[in-house]
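Structural overview
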Amino acid sequence: MAVNGAKFHEEPSPPTSVQLSEAWKPWIYETINMFSINRCMFESNFPVDKGSCSYGSLWNAFKIISDDMSDEEKNKLFYKNAAKIYKIN
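The rules behind the values
- Residues numbered from 1 in each chain as written.
- Predicted model: local features only at pLDDT ≥ 70, side-chain atom pairs only at ≥ 80, totals over all residues.
- Heavy atoms only, no water.
- Axes fitted to C-alpha atoms, helices over the stretch in contact; angles between N-to-C directions.
- Helix = DSSP H or I, 4+ residues; strand = E, 2+ residues; numbered from the N terminus.
- Parallel < 35°, antiparallel > 145°, perpendicular 65-115°, else oblique.
- Left-handed = near helix turned anticlockwise from the far one by under 90°.
- Contact = heavy atoms within 4.5 Å.
- Nonpolar A, V, L, I, M, F, W, Y, C, P; charged D, E, K, R; others polar.
- Phe/Tyr/Trp six-rings, centres within 6.5 Å; stacked < 30°, edge-to-face > 60°.
- Buried < 20%, exposed > 50% of the residue type's maximum accessible area, 1.4 Å probe, protein only.

1. Some details on the packing of helix α1 (residues 17-35) against helix α2 (residues 55-65)
At a minimum axis separation of 8 Å, α1 and α2 run at an interaxial angle of 55°. For the element pair α1 / α2, the angle class is oblique. As α1 runs across α2, the sense of the crossing is right-handed. Only Gly 56, Ser 57, Leu 58, Asn 60, Ala 61, Phe 62, Ile 64 and Ile 65 of α2 make contact with α1, whose side of the interface consists of Ser 17, Val 18, Leu 20, Ser 21, Trp 24, Lys 25, Ile 28 and Tyr 29. Of the residues assigned to the contact of α1 with α2, the class counts are 10 nonpolar, 5 polar and 1 charged.

Below is the structure:
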């Protein structure tokens, strides 16, 4: 999306997971540092985001970003926090 400033929308092909992770990681880590791992979760805005990247690339970027996190931190970002907030345990 043009709003995020990465200019992927100007490229002839969609960004890869690696490109997305490199662009997003600083923002995501800053957000986690501000709000804590207990108040954050990975999510998508599909199908709206389809204009910027593929669904698989988006989620693979999240996996790359969280690669150096503990299993518990990953579980919180990918599942536990959402299950708690949306009461789907």
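Let us keep going from here.
2. Comments concerning the packing of aromatic side chains
Tallying each qualifying case throughout the model produces 7 aromatic pairs. Aromatic side chains Phe 46 and Tyr 55 sit 5.1 Å apart centroid to centroid with 90° between the ring planes, which places their arrangement in the edge-to-face category. Owing to a relative accessible area of 24%, Phe 46 belongs among the partly exposed residues under this scheme. Ring centres of Trp 59 and Phe 78 lie 6.2 Å apart, and the angle between their planes is 40°; on these two criteria the pair is classed as tilted. Of this pair, Trp 59 sits in helix α2 while Phe 78 sits in helix α3 (residues 71-85); the two residues are 19 residues apart in sequence, bridging distant segments of the chain. Members of the aromatic cluster, each reached through a chain of ring pairs, are Trp 24, Phe 42, Phe 46, Tyr 55, Trp 59, Phe 62 and Phe 78.

In short, geometric facts, not functional conclusions.
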